[in-house]
Each structure stands twice: as structure tokens, then as C-alpha cells.
Amino acid sequence: MTAPLPVETEPAAPPFRVRRARTSDVAGIKQLVAPLAEKRILISKESVAYFEAIQEFRVAEAPDGELVGCGALHVMWEDLAEVRTLAAAGTWRGRGVGHALVEQLLADAYDVGVQRVFCLTFEVRFFEQHGFEVMPDQSAVDPEVYSELLRSQDEGVAEFLDLARVKPNTLGNTRMIKWLAGRARE
């Protein structure tokens with residue numbers, strides 16, 4: 001008697017979907033960020049900041065409509081963007097939410113023509129799994145771009161540039177960067 005042939009099955013779809021954020025998601029985004037802000041992993045923002053940046057956000061949504069994760073891609077310059085405000089609900093951590101959001105944000109970065117994406121994170125290993133590397137210094141930004149970025153009022157840009165007007169890296173996170181596939185390192 002021969003053994004039955006293995007049946008190939010499609011991998012199970014994640015129990016959530018990633019979509020563009022809507023203004024109605026701001027309260028849910030704030031709820032996702034709150035416990036991480038209390039632990040000083042993320043910085044909490046006022047609602048107005050989330051509304052102003054809503055077009056940067058992607059959210060992960062469970063079948064019942066619950067927001068289970070969020071993340072944003074903030075373009076800083078022609079070839080540079082930041083993954084920020086990446087959060088997953090506590091009961092959803094370890095279930096692929098963060099991975100799906102980062103992959104979508106990297107695809108978004110590629111779609112808008114960004115060559116490099118950075119993040120400020122405590123989750124070094126997680127971002128290494130997505131091809132990010134620890135930044136040894138600020139040489140990722142040439143002097144001309146640096147002088148232009150100095151004009152930005154965005155605190156994330158100021159922190160990336162390590163400007164004195166921003167408190168020293170009080171969170172103690174790590175700067176990481178990724179060069180997107182198909183884009184040349186300069």
C-alpha cells in the first residue's frame with residue numbers, strides 16, 4: 001500500500017488585514033500607542049498630530065473591525081523616510097501584525113520613490129529581520145540635505161538629525177536604516 005500524497009494547502013491568511021488609516025481610526029491608534037507610551041517605548045501625541053498625519057498611517061484590522069496594529073511612513077526627503085508609530089495590541093503581538101505593517105510601509109516607501117527608510121527602535125532584532133541595519137553615524141544624510149532638513153519643524157526629523165533642540169535620546173532607542181531593494185546605495 002502506498003502512502004497518500006501530501007496535500008498542498010495555501011498558507012492560512014492572517015486573521016487581520018492591513019489597510020490605509022481613516023480619520024475614524026485616530027482614537028484606536030491612540031489606544032494602541034498609549035500602553036507603549038506609558039512604558040516609554042513610543043511617544044504619545046495629541047489627537048491633532050494623528051489627524052494631520054493620517055495619510056501616513058496603515059492599520060491592521062481584525063475581522064470584527066478591532067484595530068490590532070498601526071504604523072506610519074513619514075517621508076522626510078526625496079530619498080529618505082521613517083517608519084514611525086509602529087504598534088500592535090498586546091494580545092496580537094507575536095501574530096505577524098508588526099511584520100505585515102512594516103512590509104506594507106516598505107512597499108509604500110518604494111512606491112513613492114524613497115531609497116532609504118530608517119526607524120528609531122528598541123526592537124533591533126525585529127527590524128533586522130526586515131533588512132534594517134544599525135546606523136553607525138549620520139553619514140546617511142549628505143551635508144546639503146542635512147542643511148535643508150534643519151528647516152523642518154518635525155520633532156522626528158530633529159531627533160533623526162540628533163539636534164540639540166531635541167532632548168538627548170531619552171528613550172534610549174537605536175537608529176536603524178534600510179536601503180530598499182532595487183534602489184542603489186549611495
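Let me begin by describing the structure that accompanies this report. In this text the structure is predicted, and so the values were computed from the model without any measurement.

## Regarding the side chain of T121
The topology assignment puts T121 in strand β5 (residues 116–121). The class for T121 is buried, based on a relative accessible area of 7%. A polar side-chain atom of T121 sits 2.8 Å from the main-chain amide nitrogen of E123. Once residues lying within four places of it in the same chain are set aside, the contact partners of T121 are F127, N173, T174 and M176.

## Examining helix α3 (residues 97–111)
With 15 residues, α3 extends 21 Å between its outermost C-alpha atoms, agreeing within 8% with the 21 Å of an ideal straight helix rising 1.5 Å per residue. Among the residues of α3, V97, G98, L101, V102, L105, L106, D108 and A109 are the ones counted as buried. One side of α3 holds all its buried residues, which, seen down the axis, span an arc of 160°. Once α3 finishes, G113 follows within two positions and takes phi at roughly 95°, a positive value.

## Notes on helix α1 (residues 26–38)
Here α1 spans 18 Å end to end across 13 residues, near enough to the 18 Å set by a 1.5 Å rise per residue. The largest bend along α1 measures about 25° and falls at L32, with the proline P35 one to four residues further on. Those residues of α1 not exposed but buried are V26, G28, I29, L32, V33, L36 and A37. Two residues or fewer after α1 comes R40, characterised by a positive phi angle close to 60°.

## Focus on the sheet that holds strand β3 (residues 67–77)
Ordered in space as β1-β2-β3-β4-β5-β7-β6, the seven strands form an open sheet in which the pairing is mixed. Here the strands that pair on one side only, and so sit at the sheet edges, are β1 (17–20) and β6 (133–134). Pairing geometry for β1 and strand β2 (residues 57–61), over four bridges, is antiparallel. In the sheet register, R17 faces β2, and the bridge partner there is E61. The strands touched by α1 are β2, β3 and β4 (80–88); relative to β3, the strand with the most contacts, the crossing angle is about 90°. Here α3 sits on the sheet in contact with β1, β2, β3, β4, β5 and β7 (174–179), set at roughly 30° to β3.

## Considerations on the nonpolar core
Side chains of a nonpolar character, in soluble globular proteins, are inclined to be buried together. Formed by 42 residues in total, the largest nonpolar core has its most connected members in I29, F57, V83, V97, V117, F127 and F132. Of all the elements in the fold, those that place two or more residues in this core are α1, β2, β3, β4, α3, β5 and α4 (124–128). Setting aside chain neighbours within four positions, we find I29 in contact with A21, Y50, I54, F57, V59, L67 and C70. L80, F118, L120 and M135 belong to the second largest nonpolar core, which has six residues in total.

Criteria and thresholds
Residues numbered from 1 in each chain as written. Predicted model: local features only at pLDDT ≥ 70, side-chain atom pairs only at ≥ 80, totals over all residues. Heavy atoms only, no water. Helix = DSSP H or I, 4+ residues; strand = E, 2+ residues; numbered from the N terminus. Buried < 20%, exposed > 50% of the residue type's maximum accessible area, 1.4 Å probe, protein only. Polar contact = N/O pair within 3.5 Å; in protein donor to acceptor, adjacent residues only side chain to side chain. Contact = heavy atoms within 4.5 Å. Expected span 1.5 Å × (residues − 1). Arc of directions from axis to C-beta. Bend = angle between axes of the 7 residues up to and from the residue. Pairing = 2+ DSSP bridges. Axes fitted to C-alpha atoms, helices over the stretch in contact; angles between N-to-C directions. Core = buried A, V, L, I, M, F, W, Y, C linked by side-chain atoms within 4.5 Å.

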